[in-house]
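If you want the building blocks of each chain, they are given just below.
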Amino acid sequence: MSDWNSQVEAAKKELAAEFKNLDDKTRILKSDHLKKLYALLPKVPAEQKRELGLAINDLKKEVESWLKDDNEKKVEDLRPIDLTAPFDINAKEPSLLPAQNGSIHPISQEIEKVSEIFNSIGFEIFESRNLDDAWHMFTSLNFPEDHPARDDYDTFVTEEELVAPAHTSTMQSRILSLRKSDLEEGRPIAGVVPDRVYRNEDVDARHEHTFHQLEGVYVDKDVNVGNLIATLKTFLSAYYGKEVETRINPFYFPFTEPSFEFALSCPFCDKKGCHICSQSGWIELLGCGMIHPNVLEMAGIDSKKYSGFAFGCGIERLIMMKYGVEDVRLFHSAKLKFLKQF
Ligand code: DAH
């Protein structure tokens, strides 16, 4: 066997070892072991040149086949994902674990329940909007121009002077105008609006800039405060699944007269007083009252003939009281540990 034959054999072993260790396998074609073999060519006797040339070529082809095999293996590792394939429930590899099913956000779930309760006692469900105007936000609700009560609502306003509704009461006038013909036909107007509202507020455990409210309006002949209280108590005991203890205090809203605040006994401390109810034993849940005659008149309803009540309630607060959630920010936190409890 000629001397170069053993050198080709040795180079092949070295190349195989080198190939194994290379991160970038393509570098094998630039290996010194190949270069050294090519360098032999001018040195061997003329009659052996062709044979050595063929031997080196064969070796190079073999190295190229290693590269090809390696590439194919890589492609195989990248096999396409079959999204329709059934999940292997027992898979150990995280990538093969079944995807977790999403679920309906707790606020949407509770809005659904609240709506069902009101629907069952004859209320129609309405939607609010994400942008409104100052007329619906304030004027239609009997807020006098430049009245300081307008400042109680920290509204977001666009350059075009549109308002991100700071309460669902913006829908009162619309519902009244839209359904006033029902009154003439002898039916009451009964509507609720569960929807999102916005306030330019500092966020803390009890305040969010974006939250939800439930607005309610009811108009008919001879509606009185007793009807208002009975409706709210019926709703609250249906929602909480038991008789709840409520307290009613006089309050002020421009759009109701008289106006009240409805409080619920604190479920966190059983009225003993805790940090959540500011030691009072009660948590303010909603505002309500008898619809101001001006609001009815602006919507084209004869306030001498008809009267009505309205209420507005924070939906997050309603849910927090039901499930003992202490921090309103959890709802938008995207914390799965919290969300999965619902
Ligand atoms: N819109 C009021 C607020 O966000 C809540 C409210 C109070 C709504 C009394 C009403 C009502 O319909 O009658 O503070």
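What counts and what doesn't
- Chains are numbered independently. Their residues run from 1 in the order of the written sequence.
- Totals for whole chains, interfaces and linings use every residue, but because this is a predicted model, local features are given only for residues with pLDDT of at least 70 and side-chain atom pairs only at 80 or more, for both listing and counting.
- Side-chain descriptors were evaluated using all non-hydrogen atoms of the structure, hydrogens and water having been removed beforehand.
- Here, nonpolar core means buried Ala, Val, Leu, Ile, Met, Phe, Trp, Tyr and Cys residues that are tied together by side-chain atoms lying within 4.5 Å of each other.
- For every residue, the accessible area obtained with a 1.4 Å probe (protein chains only) is divided by the maximum for its type, and the residue is called buried under 20%, exposed over 50%, and partly exposed between those limits.
- Only runs of H or I of at least four residues qualify as helices and only runs of E of at least two qualify as strands under DSSP, and these elements are numbered from the N terminus.
- Contacts are assigned to residue pairs with any non-hydrogen atoms lying within 4.5 Å of each other.
- For each residue, the test is whether any non-hydrogen atom lies within 4 Å of the molecule or strand; if one does, the residue is near.
- Pairs of N or O atoms are called polar contacts if they sit within 3.5 Å, as long as, within protein, a hydrogen donor faces a hydrogen acceptor (for residues adjacent in sequence, only side-chain-to-side-chain pairs).
- Using a 1.4 Å probe, accessible areas were evaluated by the Shrake-Rupley method; residue-level cover was limited to the displayed protein chains.
- All amino acids are sorted into three groups, where Ala, Val, Leu, Ile, Met, Phe, Trp, Tyr, Cys and Pro are nonpolar, Asp, Glu, Lys and Arg are charged, and the leftover types, Gly among them, are polar.
- Salt-bridge detection follows one rule: a side-chain nitrogen of Lys or Arg within 4 Å of a carboxyl oxygen of Asp or Glu.
- Residue ranges for the domains originate in an automatic or database domain assignment.
- Two strands form a pair only when DSSP identifies at least two bridges running between them.
- Fitted lines through C-alpha atoms serve as axes, helices being fitted only where they are in contact, and the angles separating the N-to-C directions of these axes extend from 0 to 180 degrees.

1. Concerning the nonpolar core
Part 1 of the reasoning: In terms of nonpolar packing, the biggest core is built from 43 residues, with L236, F311 and L318 touching the most fellow members.
Part 2 of the reasoning: Elements supplying a minimum of two residues to this core: α4 (106-120), β4 (189-198), α7 (225-240), β7 (256-265), β8 (282-291), β9 (307-314), α9 (315-323) and α10 (336-339).
Part 3 of the reasoning: Among the elements that take part in this core, α7 stands out by supplying 6 residues, more than any other.
Part 4 of the reasoning: Excluding anything up to four places from it in sequence, L318 contacts V114, F235, L236, Y239, Y240, L285 and C313.
Part 5 of the reasoning: Of all hydrophobic cores here, the second largest spans 26 residues; its members include M137, V219, F253 and L296.

2. What to know about the site of the ligand
Part 1 of the reasoning: Not every one of the 16 residues close to the ligand is listed here, only the nearest: H167, S169, R199, Q213 and E215.
Part 2 of the reasoning: Within the side chain of S169, a nitrogen or oxygen atom sits 2.8 Å from a nitrogen atom of the ligand.
Part 3 of the reasoning: The separation between an oxygen atom of the ligand and a polar side-chain atom of R199 is 2.9 Å.
Part 4 of the reasoning: Notes on the ligand: free accessible area 360 Å², of which the protein chains cover 93%.
Part 5 of the reasoning: Taken together, the elements giving at least two residues each to the shell around the ligand come down to β5 (210-220), β8 and β9.
Part 6 of the reasoning: Residues that form the shell around the ligand fall into these classes: 6 nonpolar, 8 polar and 2 charged.

3. Describing the pattern of salt bridges
Part 1 of the reasoning: According to the stated counting rule, one finds 15 salt bridges in the structure shown.
Part 2 of the reasoning: In this structure, D32 engages K35 in a salt bridge whose closest nitrogen and oxygen atoms are separated by 3.9 Å. With D32 and K35 both in helix α2 (residues 32-40) and 3 residues apart, this pair spans about one turn of that helix.
Part 3 of the reasoning: Between E284 and R247 there is a salt bridge, with its nearest N and O atoms 3.5 Å apart. Of this pair, E284 sits in strand β8 while R247 is found in strand β6 (residues 246-253), placing the two residues 37 residues apart along the sequence.
Part 4 of the reasoning: Residue classification places E284 among the partly exposed positions, given a relative accessible area of 25%.
Part 5 of the reasoning: Note on R247: relative accessible area 29%, which makes it partly exposed.
Part 6 of the reasoning: Residues joined in a network through salt bridges with shared partners are E110, K113 and K322.

4. As for the domain arrangement of the chain
Part 1 of the reasoning: Domains assigned within the chain are domain 1 (3-78) and domain 2 (106-339).
Part 2 of the reasoning: Of note, the centres of domain 1 and domain 2, computed from C-alpha atoms alone, are 81 Å apart.

5. What to know about the environment of L336
Part 1 of the reasoning: Residue placement: L336 occurs in helix α10.
Part 2 of the reasoning: Residue classification places L336 among the exposed positions, given a relative accessible area of 54%.
Part 3 of the reasoning: Counting along the chain gives 234 residues from L336 to G102, while the straight-line C-alpha distance between them is 10.0 Å.

6. Brief notes about the environment of F268
Part 1 of the reasoning: Examined against the element boundaries, F268 turns out to sit in the loop between β7 and β8.
Part 2 of the reasoning: The exposure class assigned to F268 is partly exposed, which follows from its relative accessible area of 25%.
Part 3 of the reasoning: Each C-alpha atom of the pair F268 and R27 lies 69 Å from the other, and the pair is 241 residues apart in sequence.
Part 4 of the reasoning: What F268 contacts, discounting residues up to four positions off in sequence, is C274, I276, I283, M320, G324, V325 and E326.

7. Thoughts on the sheet that holds β7
Part 1 of the reasoning: Ordered in space as β1-β4-β5-β9-β8-β7-β6, the 7 strands form an open sheet in which the pairing is mixed. Either end of the sheet is taken by a strand with one partner, and the two such strands are β1 (124-125) and β6.
Part 2 of the reasoning: Across 8 bridges, β5 lies against β9 in antiparallel orientation. Looking at β9, one finds that D220 is bridged to S307.
Part 3 of the reasoning: Strand contacts of α9: β4, β5, β7, β8 and β9, with the helix running at about 65° to β9, the strand carrying the most contacts.

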